[in-house]
Amino acid sequence: MPPGRVAATPAEAEVICRDLGGRAVVKAQVYAGGRGKAGGVKLVDSPQEAREFAASLLGGRLVTVQTGPEGAPVRRLLVEEPADVSGEMYLAVTVDRASGGPMFIASASGGVEIEEVAATRPESIINEGVDVAVGFQPFQARRVGRGLGLEGKQLGAAARIMTSIYTLFMEKDLTLVEINPLVVSGDGGLVAVDAKIDLEDDALFRHPELAAMGDPEQESPLEVEASKAGISYVKLGGSVGCLVNGAGLAMATMDLVQGAGRLPANFLDVGGSADEGKVARAVNIMLADPSVKSILVNIFGGILRSDIVARGILAAYGEKGAGVPLMVRMQGTNVEEGREILAGSGLDVAFASTLLEVEEKLKALPR
Amino acid sequence: MPPGRVAATPAEAEVICRDLGGRAVVKAQVYAGGRGKAGGVKLVDSPQEAREFAASLLGGRLVTVQTGPEGAPVRRLLVEEPADVSGEMYLAVTVDRASGGPMFIASASGGVEIEEVAATRPESIINEGVDVAVGFQPFQARRVGRGLGLEGKQLGAAARIMTSIYTLFMEKDLTLVEINPLVVSGDGGLVAVDAKIDLEDDALFRHPELAAMGDPEQESPLEVEASKAGISYVKLGGSVGCLVNGAGLAMATMDLVQGAGRLPANFLDVGGSADEGKVARAVNIMLADPSVKSILVNIFGGILRSDIVARGILAAYGEKGAGVPLMVRMQGTNVEEGREILAGSGLDVAFASTLLEVEEKLKALPR
Amino acid sequence: MSILVNGDSRILVQGVTGREGSFHAARCMEYGANVVAGVTPGRGGSLFNDTVPVFNSVEQAVGETGANVSLLFVPAPFAQDAMLEAAEAGVELIVCIAEGVPVLDTARTLRYLEGRGSRLLGPNCPGLISPGSRCKVGIMPGAIHMSGRVGVVSRSGTLTYEAVSQLTALGLGQSTCVGIGGDPLIGTNFVDVLAMFNDDPETDLVVLIGEIGGSMEQEAAQYIKESFGKPIVSFIAGATAPPGKRMGHAGAIITGADAAAEAKNRALRDAGAAVVPSPALIGATVAEAMSGAS
Amino acid sequence: MSILVNGDSRILVQGVTGREGSFHAARCMEYGANVVAGVTPGRGGSLFNDTVPVFNSVEQAVGETGANVSLLFVPAPFAQDAMLEAAEAGVELIVCIAEGVPVLDTARTLRYLEGRGSRLLGPNCPGLISPGSRCKVGIMPGAIHMSGRVGVVSRSGTLTYEAVSQLTALGLGQSTCVGIGGDPLIGTNFVDVLAMFNDDPETDLVVLIGEIGGSMEQEAAQYIKESFGKPIVSFIAGATAPPGKRMGHAGAIITGADAAAEAKNRALRDAGAAVVPSPALIGATVAEAMSGAS
């Protein structure tokens, strides 16, 4: 990384830029890629310009292709010495589904998102799979480096960078380490201008030091609440709240909603072993979302009993559900009991037995 | 490890024993196994006894089956709380030649050397090979633990110990981690009463922290000198110094010496790419050994040129070789030139062309 | 006949004494599956459900009972150990239910399995069921299935139950239903299962249920085009999912053009599959394809 | 005919521009070996000895020249990388000369080779030579060899030269001489080489040169007893070595009863080998065995 410091105010950004000699790159610090393209990174030519750009970013939200439409809050900036860029490269290690293990991805066409490179210059992408039985080998690093057009001292430097990021990747159980761009500096060395890592939630149990590093402010309050409850939840742009068990069925339910001419307000998988409280929390999360105009419950009971689902819905709706129409489709264990609980509750519930029925009745819901 | 501290003087040993409540195990700290059997470990029942035992060891040399006849100097003692022993086990991880990877070796018959267990109770030895592609697995630890007769909490404790020593073994490139004995303490826990590790010289380049830990005083001065010169040298009990290139030929030369009714004073492999200086240092090492009564040089030149060997011998002999008969057998590159150099030097050299000739002429050497 | 399991399968349940393990092992036995052994370290010597011997290790269980299929209810942090233990003991089919197995643990497990005789199904899968041989090795509700000639292969759990219940409601029984799992790395993929269905004389048609993420459906489409000789009905979940967001399953995330539902549907359509437009119509599309085929 | 290499072997030298590599590559070429390529990262595009193209990677070298044997003069700390690179590029025979390769590097390399088509000879070996086909892939002095019908396999370097020169002096030529290396873990062991000599119609008798450490000679004895159909002459170095001390070679250490020369000699004698009592008599014992055999 080039020299630089973090600024939390426009004045700090100005001071740091002055310390760096008057020229700097100012970067919004958010948990998402694509910030360069989204206007979150700028080369400034004076401390004054650093201050102005900082003022325009701090306290606002940055929307990138990876943040979703609501964007991510910008609370800090990185003010760095500008790299003497003479060619931007992309370098990452991730998990490759096809080969079943870690894979390096590199391109001499860095500086933009790798998806864009894949679409426009696929021939420039280098893939180098790693055999986890022996780990990443120097000969592979040389092959990637040569593919990037590097030689001599730069090839050695690139190999060292690759070896370090592979070690980091494996030791910390990451799913992505990305350097973009990686540039050749004026003195011929290599500089990682921007870098990003993705943690794996499923492996955080082995890395308490990483688990503690999360910044909940970077997620929406509803996502934080869902995550605490062990509910898989993603906020979307529509108005039909969906409560489903199972990820595949939850996606299919979203697809069904759209097929019926409505838009889903969220993805929500309450899981296979939810209890009454968890269902109630899931309903509460949806009711707390002002864009939710109706709620669709779609439960295919295997382990999850319909009566428990019904009780969970009641517990949450009782408080603040008035005015939000509810459609329920439950199949499986104790389905009659579940229906009776809801039918006898006084709530206005539309029941459906099959997905075809759900599709029909969705068309009657408010947009 | 049980609680305890290191003492360098008898008075310190007394104080530590008193701190431990008046009973302690006092252990000589030397780089060799077999110290219990050799009288280097004692259970003392009073601080006074600790002081006396410490005085008898410190400053002396301890001879164990692994130190060779000269023994190893005792400069420090470990004074530890005595373990409440109710069964001694052996646990180690090493490199297995047959399977080509790391292997755990365990036995419920610990407390003595594993070679002895192998000879007397081979059925009690458990072998568990490790696949380096995935590392040591918990199910393997449970298998070894059950083989040792452990259950419940002790099985878990043993598994944790095995996992730790495997990690240590791999991270530090060791060739042996040995716990002997491993005992069940009074409270049901497991205690590693004595442990030993073997470093791998060939991997020290990756472990500067280990390379710095060596205690040259634990090796004989001639071995230290040889090691510095990059010469492979082992002191033996006989009188014929042997200077050879190649480990196999060096061993065969020792065998030849014994076959001729003499005993070799040393194993010495000067290596394939020695220069004049290295040959001279090898000769000096042998001349510095008072038990060397004659010297046999056996060089089968491939890369190593005979004239260089001859010059190296001359350089060292010139100084202090008077009275030590020299027999030289050289084959290969520049052998005539080498012979001429030695023949014209005034040294009393017996030449041989074949090993048969060497064998014959050895019989004429002083015993 | 069925694929992967049948009436002769001898099933071992790893983690049989845990809450989930004991619940589902009992359900499998009720359905008719031949559960011959359980494994829970430290609980060896006891009996599960008064009939099934519990062992301390898979090695012992296999040695004593000849088990050749293992169903794992081991929590995700310990799943790698359990999978490797089963593979080392020579179990032919290892079914890992656990969700949340670290992806590098799966990578190491897949590497370990190379060159060995064991196949892994999952992780993060509901298992598999062959109604005709009453062999259930998983967590799916048994009652929704009926014996028949439709093969089902899916990355999902409940969506598969939904599809199966649509089939059963229309009288379309199943030969085998295989849940391959929702993780990015899994032991058995679509192509593996399709090849088995292709060779299974008791399977007439296959329902393939995919989802966003990766390019496994494209690989399946390629295989179908080149080598598959039976009708295929496919549904891909997640047409409305936004890019860059994980949809529940660790593997369900759109990271590039191939990972989107549209690209997968296109590939499958090109390969000749009947692509189902709505999840409500899976059963109906199969019925149509069956009548068209016969 | 010979084993492992012959006149058709296309040899690649890894580390060809180094001091040792260039010296020995030139000697191999002088002897007649078909050295088709060199590899030194960063030196690609140059020529070695004005004739042999140098490449940046083994992959390129194999692709351009069809090399199928690689001779490694890479320093020990980098040997694992070089061996894996050769194996990944599909080189059939990898000959690692370096002494001092960390034993766990060799363990990882052997694991990597499992299931691949590459064989490793060494590390810490002099290589191999087939005088009849003028193919020398190693560091042995070529001049001491002559073409003939005695196979030689050995854990040692110079002791093998000694044995070979005794044979040559008696007019006993060699079919192939193979140095398997003095490390505790090596890629090719006695049994592997013996099996090849057994199948080689141009080898009449085999000289096996072992040493203290491990039990590879006992495994060889077992194989000889059960399956080997030709006369064997054996010598084990280190009868006078003390236990617990490493004798030069990393693998030459007596750590148990099997590792001692006496136990090895006993096993070989039981298997029918002519055990040579003194290193001075290797050639003479072979001469005697040859005359007895014919």
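Residues numbered from 1 in each chain as written. Chains lettered and ligands numbered in written order. Predicted model: local features only at pLDDT ≥ 70, side-chain atom pairs only at ≥ 80, totals over all residues. Heavy atoms only, no water.

A. Examining the overall build of chain A more closely. For chain A, the count of helices and strands is 12 helices and 18 strands. For chain A, the C-alpha atoms occupy an extent of roughly 75 × 50 × 40 Å along the three principal directions. The burial tally for chain A puts 55% of its 367 residues in the buried class. Counting only contacts in chain A whose residues sit at least 6 apart along the sequence, the fraction spanning at least 24 positions is 63%. (Helix = DSSP H or I, 4+ residues; strand = E, 2+ residues; numbered from the N terminus. Buried < 20%, exposed > 50% of the residue type's maximum accessible area, 1.4 Å probe, protein only. Contact = heavy atoms within 4.5 Å.)

B. Just the interface of chain C and chain A, in detail. Residue-level contacts link 51 residues of chain C with 47 residues of chain A. Taking both partners together, chain C and chain A bury about 3,700 Å²; carbon and sulfur atoms supply 65% of that area. On the chain C side of the interface with chain A, the three residues burying the most area are Leu104, Thr158 and Thr240 of chain C, jointly 17% of the side's total. Scanning the region where chain C abuts chain A turns up four salt bridges. Of the charged contacts in the structure, one is a salt bridge between aspartate 105 of chain C and arginine 206 of chain A, with a shortest N-O distance of 2.7 Å. (Buried area = accessible area lost by both parts, 1.4 Å probe. Salt bridge = Lys/Arg side-chain N within 4 Å of Asp/Glu carboxyl O.)

C. Main features of the sheet that holds strand S1 (residues 11–14) of chain C. All names here are of chain C. Pairing is mixed in the open sheet, where seven strands are placed in the order S3-S4-S2-S1-S5-S6-S7. Only two strands of the sheet have a single neighbouring strand rather than two, namely strand S3 (47–48) and strand S7 (119–121). Pairing between strand S5 (residues 69–72) and strand S6 (residues 93–96): four bridges, direction parallel. When the bridges of S6 are listed, leucine 72 appears paired with cysteine 96. (Pairing = 2+ DSSP bridges.)

D. Just the domain arrangement of chain C, in detail. All names here are of chain C. Here the domain parsing of chain C yields domain 1 (11–121) and domain 2 (140–293). Between the C-alpha centres of domain 1 and domain 2 the distance comes to 26 Å. Interface of domain 1 and domain 2: buried area, both sides summed, is about 900 Å²; carbon and sulfur atoms make up 59% of it. On the domain 1 side of the interface with domain 2, the three residues burying the most area are Tyr31, Arg119 and Leu121, jointly 49% of the side's total. Across the salt bridge formed by aspartate 192 and arginine 119, the nearest N and O atoms sit 3.7 Å from each other. Scanning the region where domain 1 abuts domain 2 turns up two residue pairs in polar contact (both at pLDDT 80 or more). Those elements giving two or more residues to the side of domain 1 that touches domain 2 turn out to be helix H4 (103–113) and S7. If you tally residues by element for the side of domain 1 that touches domain 2, the top one is H4, at four residues. (Domains from an automatic or database assignment. Polar contact = N/O pair within 3.5 Å; in protein donor to acceptor, adjacent residues only side chain to side chain.)

E. Expanded view of a nonpolar patch on the surface. Together, Leu168, Ile197 and Leu199 of chain A make up an exposed nonpolar region whose accessible area comes to about 210 Å². Topologically, leucine 199 of chain A is positioned in strand S12 (residues 195–199). (Patch = residues over 30% accessible without salt bridge, like charges linked within 9 Å, V, L, I, M, F, W, Y side chains within 5 Å. Areas by Shrake-Rupley, 256 points an atom, 1.4 Å probe, with all protein chains shown as cover.)

F. Just the pattern of salt bridges, in detail. The final tally for this structure, using the stated rule, is 62 salt bridges over all chains. Of the charged contacts, one joins arginine 5 of chain B and aspartate 19 of chain B as a salt bridge, the two residues approaching to 3.2 Å between their closest N and O atoms. With arginine 5 of chain B in strand S1 (residues 4–7) and aspartate 19 of chain B in helix H1 (residues 10–19), the pair connects residues that are 14 residues apart, well separated along the chain. Its relative accessible area of 42% is what places arginine 5 of chain B among the partly exposed residues. Arginine 142 of chain B is the partner of glutamate 85 of chain C in a salt bridge, and the nearest nitrogen-oxygen pair spans 3.1 Å. On the criterion of chain membership, the pair formed by glutamate 85 of chain C in helix H3 (residues 79–88) and arginine 142 of chain B in helix H4 (residues 138–147) is interchain, its members lying in two chains. Judged on exposure class, the residue glutamate 85 of chain C and its partner arginine 142 of chain B are both buried.

G. Representation of the interface of chain D and chain B. Taken together, the 50 residues of chain D in the interface contact 46 residues of chain B. When chain D packs against chain B, the two sides together hide about 3,600 Å² of surface, and 65% of this comes from carbon and sulfur. Of all residues in chain D, the largest losses of buried area upon contact with chain B belong to Leu104, Thr158 and Thr240 of chain D, amounting jointly to 17% of the total for that side. Counting across the interface, chain D meets chain B through three salt bridges.

H. Fine view of unusual backbone geometry. The omega angle of the peptide bond from asparagine 180 of chain A to proline 181 of chain A is 0 degrees, so this bond is cis rather than trans. Note on placement: proline 181 of chain A falls in strand S10 (residues 174–184). Although it is not a glycine, leucine 4 of chain C sits at a positive phi angle of roughly 70 degrees. Inspection of the secondary structure assignment puts leucine 4 of chain C in the segment before S1. Among the residues examined, leucine 4 of chain C registers a relative accessible area of 27% and is labelled partly exposed.

I. Seen up close, the packing of helix H8 (residues 247–259) of chain B against helix H5 (residues 158–169) of chain D. The contact between H8 of chain B and H5 of chain D brings their axes to 5 Å, and the two run at 70 degrees. Classified by the angle between their axes, H8 of chain B and H5 of chain D sit roughly perpendicular to one another. On H5 of chain D, the residues that touch Gly248, Leu249 and Ala252 of chain B of H8 of chain B are Thr158, Leu159 and Glu162 of chain D. Grouping the constituent residues of the contact of H8 of chain B with H5 of chain D by class yields three nonpolar, two polar and one charged. (Axes fitted to C-alpha atoms, helices over the stretch in contact; angles between N-to-C directions. Parallel < 35°, antiparallel > 145°, perpendicular 65-115°, else oblique. Nonpolar A, V, L, I, M, F, W, Y, C, P; charged D, E, K, R; others polar.)

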